[in-house]
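Chain residues, written in single-letter form:
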Amino acid sequence: MRKLTYFIACSIDGFIGGPDGDASFMFPFVDEEFFAFLTSEYPETLPTHGRRHLGIDDLPNKRFDTVVQGRASYDLALKEGVTSPYAHLREYVASRTLTESPDPNVEIIPADLVGRVRELKAEDSAFGIYLCGGSVVAGELIDEIDELVIKTYPVVLGTGMPMFGSGFQVSEFVPETVRTFGNGVVVRTYARKRR
């Protein structure tokens, strides 16, 4: 069984974006040290068009071969004219409103997201599944998430889009690693506590 990892950036107070989903306030924190960490430890989480622009499109996948994201997250790429933001991975977009995929590399999951993710997790692969976002999809998949990798940026928003757009539910995770960067970013990894 392979892992579903929610790899997400957030503010100190747990928001992954402003009320409208804008997360551009995080970009200035991707400095040389933090970018080196991302490219060495999680290269496949960088979008394909960005990798090409930076000349690092040849970096091999280290942890994931599949990405799952929500419609709002996918729309960020579509607004830029990018129909396959993670072309180096198998791409799935959870959407009840997007009836047809604009790209042959992107499969739309219109219903039973949990069931489809369980099928993906049951596949035989040395690589895991990257849950890219957003809030509603993470909330729907919370019971399927095996690992959290939370990149906390040193800002407080006060309000915005929460990490999990779901009702009240206690889900326990066990801390595994913590890494702090000179720019104030903290990356924490947690494993799901299974009973």
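Below or above, wherever it landed, is the structure these notes cover.

About the cut-offs
- Residues numbered from 1 in each chain as written.
- Predicted model: local features only at pLDDT ≥ 70, side-chain atom pairs only at ≥ 80, totals over all residues.
- Heavy atoms only, no water.
- Core = buried A, V, L, I, M, F, W, Y, C linked by side-chain atoms within 4.5 Å.
- Buried < 20%, exposed > 50% of the residue type's maximum accessible area, 1.4 Å probe, protein only.
- Helix = DSSP H or I, 4+ residues; strand = E, 2+ residues; numbered from the N terminus.
- Contact = heavy atoms within 4.5 Å.
- Pairing = 2+ DSSP bridges.
- Right-handed = clockwise from strand over helix to strand, strands pointing away.
- Phe/Tyr/Trp six-rings, centres within 6.5 Å; stacked < 30°, edge-to-face > 60°.

Grouped together as the largest cluster of nonpolar side chains are 23 residues, with contacts concentrated most on Tyr6, Val68, Leu113, Leu131 and Leu141. Listed by contribution, the elements that provide at least two residues to this core are β1 (4-11), β4 (90-94), α4 (113-122), β6 (128-133), α5 (135-140) and β7 (147-153). When residues of this core are assigned to their parent elements, the largest contribution, four residues, is made by β1. In this structure, Tyr6 is in contact with Ile16, Leu131, Gly133, Gly134, Ala138, Ile145, Glu147, Leu148, Val149, Met163 and Phe164, ignoring residues within four places of it in sequence. The next biggest cluster of nonpolar side chains, apart from the first, holds 22 residues, and it includes Phe29, Leu38, Leu46 and Tyr86.

All right, on to α4 then. Of the residues making up α4, those classed as buried are Leu113, Gly115, Arg116, Val117, Leu120 and Lys121. Packing partners of the buried residues in α4 comprise β1, β3 (64-70), β4, β5 (106-109), β6 and α5.

A word on the pairing of β4. Judged by how many residues are buried, β4 sits mostly within the fold: four of five residues are covered. Here five bridges tie β3 to β4, and the two strands are oriented parallel to one another. Residue pairing across strands places Gln69 opposite Val93, the latter belonging to β4. For the crossover that starts at β3, traverses helix α3 (residues 71-78) and ends in the parallel β4, the hand is right-handed. Where β4 and β5 come together, four bridges link them in parallel fashion. Looking at β5, one finds that Glu91 is bridged to Val106.

This part covers the environment of Val186. Looking at the secondary structure, you find Val186 in strand β10 (residues 186-192). Assessed through its relative accessible area of 21%, Val186 is described here as partly exposed. Each C-alpha atom of the pair Val186 and Leu113 lies 30 Å from the other, and the pair is 73 residues apart in sequence. Setting aside its immediate chain neighbours within four residues, Val186 contacts Ile150, Lys151, Thr152, Val178, Arg179 and Thr180.

Once that is clear, we can look at the packing of aromatic side chains. All told, the structure shown has 11 aromatic pairs when counted by the stated rule. Here the aromatic rings of Tyr6 and Phe164 are separated by 5.2 Å at their centres, their planes lie at 65 degrees, and the arrangement is edge-to-face. Of this pair, Tyr6 sits in strand β1 while Phe164 sits in the loop between β8 (161-162) and β9 (173-180); the two residues are 158 residues apart in sequence, bridging distant segments of the chain. Relative accessible area serves as the criterion here: at 21%, Phe164 is assigned to the partly exposed category. Judged by centre distance (5.7 Å) and plane angle (90 degrees), the rings of Tyr86 and Tyr130 are edge-to-face. With a gap of 44 residues between them, Tyr86 in the loop between α3 and β4 and Tyr130 in strand β6 connect regions that are remote in the sequence.

Treat this as a map of the structure, not an account of what it does.
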